[in-house]
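Below are the chains, spelled out letter by letter.
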Amino acid sequence: MIEQIAVAIRFVTFADLLVAFGLSAFTFYGTGPVGGGSFEPVRRRWLAAGACIGLVVTAAGVLNTASNMAGIPLAALDRQSVAFVLEGTAFGTAAILRFAALFVALFAAPLIRSPRAALSILTTAWGTAVATLAWNGHAVMDEGMAGWGHLGADVLHLWAAGLWLGALVGLLLLLLRPLKTMTAHHVAATQNALAKFSLMGTVIVAVILASGMVNALFLVGPNNIAAMWTTLYGQVLFAKLALFAAMLGLAATNRFLLTPALARGIECARRETAIGKLRFSLAFELASAVSILGLVAWLGTLEPPISAA
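Residues numbered from 1 in each chain as written. Predicted model: local features only at pLDDT ≥ 70, side-chain atom pairs only at ≥ 80, totals over all residues. Heavy atoms only, no water.

Chemist: What am I meant to see in the overall build of the protein here?
Modeler: Tallying secondary structure elements over the protein gives 10 helices and zero strands in all. The helix and strand sequence of the protein, counted from the amino end, reads α-α-α-α-α-α-α-α-α-α. Rg of the C-alpha trace for the protein: 21 Å, near the compact-globule value of 19 Å for 309 residues, within the 12% margin. Each principal axis of the C-alpha atoms in the protein carries an extent, and together these give about 65 × 50 × 35 Å. For the protein, the residues scored as buried account for 48% of the 309 residues in total. Considering only contacts in the protein between residues 6 or more positions apart, those separated by 24 or more positions represent 77%. A total accessible area of about 14,800 Å² is found for the protein, and carbon and sulfur atoms account for 71% of it. (Helix = DSSP H or I, 4+ residues; strand = E, 2+ residues; numbered from the N terminus. Rg over C-alpha atoms; globule rule 2.2 N^0.38 Å. Buried < 20%, exposed > 50% of the residue type's maximum accessible area, 1.4 Å probe, protein only. Contact = heavy atoms within 4.5 Å. Areas by Shrake-Rupley, 256 points an atom, 1.4 Å probe, with all protein chains shown as cover.)

Chemist: Even after reading the chapter, I still don't get the environment of Thr273, so can you show me in this structure?
Modeler: Within the secondary structure, Thr273 sits in helix α9 (residues 270-299). Overall, the relative accessible area of 48% leaves Thr273 in the partly exposed class. C-alpha separation for the pair Thr273 and Ile208, spaced 65 residues apart in sequence, amounts to 32 Å.

Chemist: Which parts of the structure should I look at to understand the nonpolar core?
Modeler: Note on soluble globular proteins: their nonpolar side chains tend to be buried together. Within the largest apolar cluster, 61 residues are counted, with the highest numbers of intra-cluster contacts made by Trp126 and Trp164. Broken down by element, the residue count for this core peaks at 14 residues, all from helix α6 (residues 144-175). Not counting residues within four places of it along the chain, the set of residues in contact with Trp126 comprises Asp16, Leu17, Ala20, Phe21, Ser24, Leu47, Gly50, Ala51, Leu102 and Ala105. If you look at the next biggest cluster of nonpolar residues, it comprises nine residues, including Leu219, Val220, Leu237 and Leu302. (Core = buried A, V, L, I, M, F, W, Y, C linked by side-chain atoms within 4.5 Å.)

Chemist: Explain helix α7 (residues 184-219) to me, please; I cannot follow it from the model alone.
Modeler: Taking 1.5 Å of rise per residue, 36 residues should cover 52 Å, and α7 covers 49 Å from first to last C-alpha, within 8% of that figure. Within α7, the axis deviates most sharply at Met200, by approximately 30 degrees. Just past α7, the residue Gly221 takes up positive phi, approximately 85 degrees. (Expected span 1.5 Å × (residues − 1). Bend = angle between axes of the 7 residues up to and from the residue.)

Chemist: Teacher, can you tell me more about the layout of surface pockets here?
Modeler: Rolled over the atoms, a probe sized like a water molecule indicates the empty space that remains. In this structure, the largest pocket encloses a volume near 1,000 Å³. Looking at the largest pocket, it is lined by 41 residues, and the ones nearest its centre are His157, Gly212, Asn215, Leu237 and Lys240. Listed by contribution, the elements that provide at least two residues to the lining of the largest pocket are α1 (2-29), α6, α7, α8 (232-264) and α9. When residues in the lining of the largest pocket are grouped by element, the largest group, eight residues, is from α7. In the lining of the largest pocket, the residues fall into 29 nonpolar, nine polar and three charged. In this structure, the second largest pocket encloses a volume near 540 Å³. Taken together, 24 residues form the lining of the second largest pocket, with Arg10, Thr65, Phe91, Asn136 and Gly300 sitting closest to its centre. Residue assignment for the lining of the second largest pocket shows that the elements contributing at least two residues are α1, α2 (39-70) and α4 (90-108). Broken down by element, the residue count for the lining of the second largest pocket peaks at seven residues, all from α2. Partitioned by chemical class, the residues of the lining of the second largest pocket number nine nonpolar, 12 polar and three charged. (1 Å grid on protein atoms, 1.4 Å probe; cavity = no way out; pocket = protein on both sides within 12 Å on 5 of 7 lines; lining within 4 Å. Points joined across faces, edges and corners; volume = space filled by probe spheres on them. Nonpolar A, V, L, I, M, F, W, Y, C, P; charged D, E, K, R; others polar.)

Chemist: I keep staring at a nonpolar patch on the surface and nothing clicks. Help me out?
Modeler: On the surface, Val104, Ile112 and Ile121 cluster together into a nonpolar patch covering about 180 Å² of accessible area. Locating Ile112 in the fold gives a position in the loop between α4 and α5 (115-131). (Patch = residues over 30% accessible without salt bridge, like charges linked within 9 Å, V, L, I, M, F, W, Y side chains within 5 Å. Salt bridge = Lys/Arg side-chain N within 4 Å of Asp/Glu carboxyl O.)

Chemist: Please clarify how α4 should be interpreted in this entry.
Modeler: Because an α-helix packs 3.6 residues into every turn, residues spaced three or four apart end up facing the same way. Look at α4: 26 Å from first C-alpha to last across 19 residues, which is about the 27 Å you get at 1.5 Å a residue. Every buried residue of α4 is accounted for by Phe91, Gly92, Ala94, Ala95, Arg98, Ala101, Leu102, Ala105 and Leu106.

Chemist: How should I be thinking about the side chain of Asn64 in this particular structure?
Modeler: Turning to its location among the elements, Asn64 is positioned in helix α2. By relative accessible area, Asn64 is classed as buried at 8%. In contact with Asn64, other than residues within four places in its own chain, are Ile5, Ala6, Ile9 and Leu74.

Given below as structure tokens:
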């Protein structure tokens, strides 16, 4: 039961922070003129809600960790146990930094009058919050330069994953507008956002692959690859890689088939068919990403092969 609670907290934390970071960044390069129109209020509500959820689940994570470390139930948890986690562990330091970043995202950024300056602060705050997640996983096991290298790869992996996940949410928010109210201008702006994300997606995939290989070297090790199938960690990791491969296939379909089809159909009735196909493809891609987050949350509670070697 304790492990299930930890997995649930990790899953909600990862999903919340990654989506919010990616959605705020997506507004920079993806939405264009749509960002100031009907998309803007939706984005603001999502990010405000994301900050509130992030504060709650971060607090829950601290309390759950303090309970586990002290070996006492949550109901019996005292201030000293919580203070020890916050002041005496890397996890606690990361949690404090995350609290600060989320408060900036919730209260400071909306007060800035310049939309671009506010968005810059939001993206930086969310990016900082996402980076702290690296201290929630196995990267803290390593020491010295190796440890910092592992943490750096983890942070890059998280940022790239957030950019991809948040962009999927942003694109679906644009495409899920009722067809009857979707003007030609909105469709053209959406197609432009899809095209921009396609270019960004190449960089994102490259960073995910490179940082993922670095993480694999630290957590699996070359000598343990052959025996991966015999461990629960390996089986969950292979399931994650299978879903990632599916996401790559869907992303390629979106870029080379469905987005060009939308561009060709902007001025005719075929755009409804193209939009429908894109909605389905992006929704399936997002579902795969959410499933990956569930597996990542689980992997964080399992012993990696390098530790058992």
